[in-house]
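The chain contents come next:
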Amino acid sequence: MINNKIKLMKNSFYQESVIKEQLIEFLKHADRLSMHEECYNFENVFSKYQNRKYTTLVNSGSSANLALLQAMLNLGYLVKGDTVAFTALTWATNVMPILQLGLVPYPVDIELDTLNSSSTLFQEAISNAPNKIKAFFITNVLGFCDDIDKIEEICKAQNILLIEDNCESLGTVYKGRKLGNYSLASTFSFFVGHHLSAIEGGAICTDDEELGQMLIMTRAHGWDRNLTSEKQKSLREKHNIDPFYDQYTFYELGYNIRPTEITGFLATKQLQFADEIISKRASNFKRLHDASLENADIVPLNVEHIEKVSNFAFPVIFREKALFEIYKKKFLEAGVEIRPVVGGSMLSQPFYKKYCESDAKSPNAELVHQNGFYLPNNPDLDEKEVATLGELLKAKVALPVNQ
Ligand SMILES: Cc1ncc(COP(=O)(O)O)c(C=O)c1O
């Protein structure tokens, strides 16, 4: 059974054996392994890929989320105590930096058919939140979205800053635009299993020059190294810095969340396969989605509004808890590696209960937490594995008579 297991991830990155050889050669000859040309080169090619002006490469998607909020605070785009809305179904380190930085999180529930926050639910959150929502850190869950264009409109009309956690949706296109481009800035993860893997890694993209420069400072110690020469000059003049101290002057609150040259090298190599990776995931997704629509036990997923679905993993939500239990057993016994959907409902997580006292509810995210799991969708799944997953999805099970 173990050998036949259909795994969530098969490799550390795409084309692993070839890229490992290339990495070994790179390491043998590289003069420098701390952040340098490979990282800067990736930032340039990724900006072009994503069609954004500035990219800051960091050591994880979680660091990207933390750095983005810190940079917004450094610039005064947000101030401590501001309410920041978030998608209730997400990863913990989307919400944690909101708390860690003295901001106040407020959940926006998800629609069951898209697994993402809609403009309707966002509007409800705006009405119900005890204080004005100043920013919405939306998560584009699993390569899908709801009507994020309308959410963007609401944010513009109501002076709310929209930022996207796009860690799971690199490559998805909605209404002619890539997800990650509906907002002031967006974050990406390059951890194993994501669309692009650099083993660990993350990035923030933006078109806002001030924010781009602030992210560079926030990434490394709050100093001015790596800024444009004009920006360095203006900071040094403003603070009257003696040249002896200019490399050791710390202007803003920052971290050390720099990537290494290994991150830059791997991310650049993987980006060359991005289209191939995304289309393999998209074609697996289509087959699994078609199969799931044949089974009335599964809540149907609606992706018709999305031009190109760059799926992360395939979610299956059951109409009842009893069905979830039966199917969970069935998939596990068939040797399929399954797991809870993303990080589940944040409102059910112990850290959230510990730090957030609120009456806000997110019933749909809770239902997904309780009644859902996700199946593997990675570019290395073979034909037989996709067929097996499709058959398992289609086959309805009978509930025990006393249910
Ligand atoms: C929505 C979302 N945000 C953030 C992260 C964190 O990324 P990382 O694991 O690179 O820190 C993840 C990780 O899977 C994620 O799914």
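Residues numbered from 1 in each chain as written. Predicted model: local features only at pLDDT ≥ 70, side-chain atom pairs only at ≥ 80, totals over all residues. Heavy atoms only, no water.

## Some remarks on the pairing of strand β5 (residues 161–165)
Logical step 1: Judged by how many residues are buried, β5 sits mostly within the fold: four of five residues are covered.
Logical step 2: As paired elements, strand β4 (residues 133–139) and β5 share five bridges and run parallel to each other. Among the inter-strand pairings, I138 is bridged to a residue of β5, identified as E164.
Logical step 3: Taken together, β4, helix α6 (residues 148–158) and β5 form a β-α-β motif whose crossover is right-handed. (Buried < 20%, exposed > 50% of the residue type's maximum accessible area, 1.4 Å probe, protein only. Helix = DSSP H or I, 4+ residues; strand = E, 2+ residues; numbered from the N terminus. Pairing = 2+ DSSP bridges. Right-handed = clockwise from strand over helix to strand, strands pointing away.)

## Examining the nonpolar core
Logical step 1: In this structure, L142 and L375 are the most contacted members of the largest nonpolar core, which totals 102 residues.
Logical step 2: Ranked by residues supplied to this core, first place goes to helix α3 (residues 61–74) with eight residues.
Logical step 3: There are two domains that each give this core at least three residues, and those are domain 1 (16–271) and domain 2 (274–394). (Core = buried A, V, L, I, M, F, W, Y, C linked by side-chain atoms within 4.5 Å. Domains from an automatic or database assignment.)

## Here we look at the packing of aromatic side chains
Logical step 1: The full count for this structure, using the stated rule, is 19 aromatic pairs.
Logical step 2: Aromatic side chains F331 and F373 sit 5.4 Å apart centroid to centroid with 65 degrees between the ring planes, which places their arrangement in the edge-to-face category. Here F373 lies in strand β11 (residues 372–375) and F331 lies in helix α11 (residues 321–333), a separation of 42 residues in the sequence.
Logical step 3: F331 gets classed as buried once you look at its relative accessible area, which sits at 1%.
Logical step 4: Put simply, the rings of F42, F46, Y49, F188 and F190 touch in pairs and so form one group of aromatic residues.
Logical step 5: A cation over an aromatic ring shows up here: R177 above the ring of Y182, its NZ or CZ 3.8 Å from the ring centre.
Logical step 6: Positioned above the aromatic ring of W223 is the side chain of R225, whose terminal nitrogen or guanidinium carbon lies 3.6 Å from the ring centre. (Phe/Tyr/Trp six-rings, centres within 6.5 Å; stacked < 30°, edge-to-face > 60°. Lys NZ or Arg CZ within 6 Å of the ring centre and 35° of its normal.)

## Points about the environment of F250
Logical step 1: Assignment of secondary structure puts F250 in the loop between α8 (229–238) and α9 (261–271).
Logical step 2: Put simply, F250 and D224 are 26 residues apart on the chain and 7.5 Å apart in space, counted from C-alpha to C-alpha.

## Regarding the site of the ligand
Logical step 1: Close to the ligand lie 15 residues, the nearest being G61, S62, D165, E168 and S189.
Logical step 2: The separation between an oxygen atom of the ligand and a polar main-chain atom of G61 is 2.8 Å.
Logical step 3: Between E168 and the ligand, the recorded distance is 2.6 Å, taken from a side-chain N or O atom to an oxygen atom.
Logical step 4: It is α3 that contributes the most residues to the shell around the ligand, three residues altogether.
Logical step 5: Grouping the constituent residues of the shell around the ligand by class yields three nonpolar, ten polar and two charged. (Near = heavy atom within 4 Å. Polar contact = N/O pair within 3.5 Å; in protein donor to acceptor, adjacent residues only side chain to side chain. Nonpolar A, V, L, I, M, F, W, Y, C, P; charged D, E, K, R; others polar.)

## Section: unusual backbone geometry
Logical step 1: Residues other than glycine seldom take positive phi values, yet H221 does so here, at roughly 65 degrees.
Logical step 2: Note on placement: H221 falls in the loop between α7 (209–219) and α8.
Logical step 3: Classification of H221 by relative accessible area gives partly exposed; the value is 28%.

## Points about helix α4 (residues 92–100)
Logical step 1: All of the buried residues in α4 are A92, N94, V95, P97 and I98.
Logical step 2: For α4, the elements touching its buried residues are α3, β2 (83–87), β3 (104–108), β4, β5 and α12 (350–355). (Contact = heavy atoms within 4.5 Å.)

## A word on the domain arrangement of the protein
Logical step 1: Splitting the protein by domain gives domain 1 (16–271) and domain 2 (274–394).
Logical step 2: One C-alpha centre belongs to domain 1, the other to domain 2; they are set 25 Å apart.
Logical step 3: In terms of surface lost to domain 2, no three residues of domain 1 exceed L112, L142 and H195, which account for 19% of the buried area on that side.
Logical step 4: At the junction of domain 1 and domain 2, the tally comes to zero salt bridges.
Logical step 5: Only α4, β3, β6 (173–174) and α9 provide two or more residues apiece to the side of domain 1 that touches domain 2.
Logical step 6: Looking at the side of domain 1 that touches domain 2 element by element, the count peaks at four residues for α4.
Logical step 7: Its residues assigned to classes, the side of domain 1 that touches domain 2 shows 24 nonpolar, ten polar and six charged. (Buried area = accessible area lost by both parts, 1.4 Å probe. Salt bridge = Lys/Arg side-chain N within 4 Å of Asp/Glu carboxyl O.)

## Details of the pattern of salt bridges
Logical step 1: Enumeration according to the criterion identifies 20 salt bridges in this entry.
Logical step 2: We note a salt bridge from K134 to D82, for which the minimum N-O separation is 3.2 Å. Of this pair, K134 sits in strand β4 while D82 sits in the loop between α3 and β2, and the two are 52 residues apart along the sequence.
Logical step 3: Accessibility expressed as a relative area gives 32% for K134, which makes it partly exposed.
Logical step 4: Put simply, D149 and K175 hold a salt bridge, and the shortest N to O gap is 2.8 Å. Of this pair, D149 sits in helix α6 while K175 sits in the loop between β6 and β7 (177–178); the two residues are 26 residues apart in sequence, bridging distant segments of the chain.
Logical step 5: A relative accessible area of 12% places D149 in the buried class.

## A short note on the packing of helix α1 (residues 16–29) against α9
Logical step 1: Put simply, α1 and α9 touch, their axes get as near as 11 Å, and they point 140 degrees apart. Classed by the angle they form, the pair α1 and α9 counts as oblique. In the packing of α1 onto α9, the handedness of the crossing is right-handed. Judged by residue contacts, I19, Q22, L23, F26 and L27 of α1 engage E261, I262, F265, L266, K269 and Q270 from α9.
Logical step 2: Partitioned by chemical class, the residues of the contact of α1 with α9 number seven nonpolar, two polar and two charged. (Axes fitted to C-alpha atoms, helices over the stretch in contact; angles between N-to-C directions. Parallel < 35°, antiparallel > 145°, perpendicular 65-115°, else oblique. Left-handed = near helix turned anticlockwise from the far one by under 90°.)

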